[in-house]
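The lines below spell out each chain.
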Amino acid sequence: MHARGTVEGIYVAPDSGDPMRERDSVEAVAGRGLWGDRYFRERGLYDRRDDLPEATDITLVEREALDAATRDEGTELHPRETRRNVLTRGVPLNHLVDREFRVGDATLVGVRLCEPCSYMESLAGTAGAVDALVHRGGLNANIVDSGSIAVGDDVDF
């Protein structure tokens, strides 16, 4: 690991479709997800539908991607509206597929890009959200080693 970014926000929802709740910190549990989140409880959309890829433990999105969506597309999204768990700054998430990296005390591995979907757009209530986040919608990752993640923590990659 040779570069560093930061955690700017943490968001969880207890059930699929529930509003994302902002947290100061959360426990990331290997093979399960974030304590209190819908995927930890196996109640997320990807747990319920066989036509979607296998669910992952955690999702991340870049602050820079949200800023670019506003700048390039005129689409403003609050980080919780993306339905992603962790907001980062200074982390090129698209480059972390198939790579291990640390977020706070937890070790993650990038699985695939987290492309935006119409479900996210409908819950956000923001027309154009999908188009604004194509190829910059974040990263699906799995938790390899459990640990706490807090706002302000380093992201080492």
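The rules we used
For every chain, the first residue of the written sequence is number 1, and numbering continues from 1 along that sequence. Local features in a predicted model are, by the rule used here, given only for residues with pLDDT of at least 70; side-chain atom pairs are given and counted only at 80 or more, and totals for whole chains, interfaces and linings are based on all residues. Excluding hydrogens and water, the side-chain values take into account all heavy atoms of the structure. Every case where a carboxyl oxygen of Asp or Glu lies within 4 Å of a side-chain nitrogen of Lys or Arg is listed as a salt bridge. Secondary structure counts use DSSP, requiring at least four H or I residues in a row for a helix and at least two E residues in a row for a strand, with both numbered from the N terminus. Paired strands, in this sense, are two strands between which DSSP finds at least two bridges. What makes a nonpolar core is a set of buried Ala, Val, Leu, Ile, Met, Phe, Trp, Tyr and Cys residues whose side-chain atoms join them at distances within 4.5 Å. Under the scheme applied here, a residue whose accessible area is under 20% of the maximum for its type counts as buried, over 50% as exposed, and between as partly exposed, the area being computed with a 1.4 Å probe on protein chains only. Two residues form a contact once any of their heavy atoms are found within 4.5 Å.

### Side note on the pattern of salt bridges
All told, the structure shown has eight salt bridges when counted by the stated rule. Ionic pairing is found between Arg 89 and Glu 8, a salt bridge with its closest N-O pair at 2.6 Å. With Arg 89 in strand β6 (residues 86-89) and Glu 8 in strand β1 (residues 4-12), this pair connects stretches of sequence that are 81 residues apart. In this structure, Arg 63 and Asp 67 form a salt bridge, with 3.6 Å as the shortest nitrogen-oxygen distance. Taken as a pair, Arg 63 and Asp 67 lie in helix α2 (residues 63-73) at a separation of four residues, close to a single helical turn. One continuous salt-bridge network, built from bridges that share partners, spans Glu 8, Arg 63, Asp 67 and Arg 89.

### As for the sheet that holds strand β10 (residues 147-150)
If you trace the three strands from one edge of the open sheet to the other, you get β4-β3-β10, paired in antiparallel fashion. Sheet topology places β4 (33-34) and β10 at the edges, where each strand pairs with a single neighbour.

### Description of the nonpolar core
Ranked by size, the top nonpolar core spans 22 residues in total, and within it Leu 34, Ile 58, Leu 60, Phe 101, Val 103, Leu 108 and Ile 149 carry the most contacts. Broken down by secondary-structure element, the contributors of at least two residues to this core are β1, β3 (25-29), β5 (58-62), β7 (100-103), β8 (106-113) and β9 (139-145). Not counting chain neighbours up to four residues away, the residues in contact with Val 103 comprise Val 7, Leu 60, Leu 108, Ser 148, Ile 149, Asp 154 and Val 155. Membership of the second largest hydrophobic core comes to 13 residues, among which are Tyr 11, Leu 77, Ala 132 and Leu 133.

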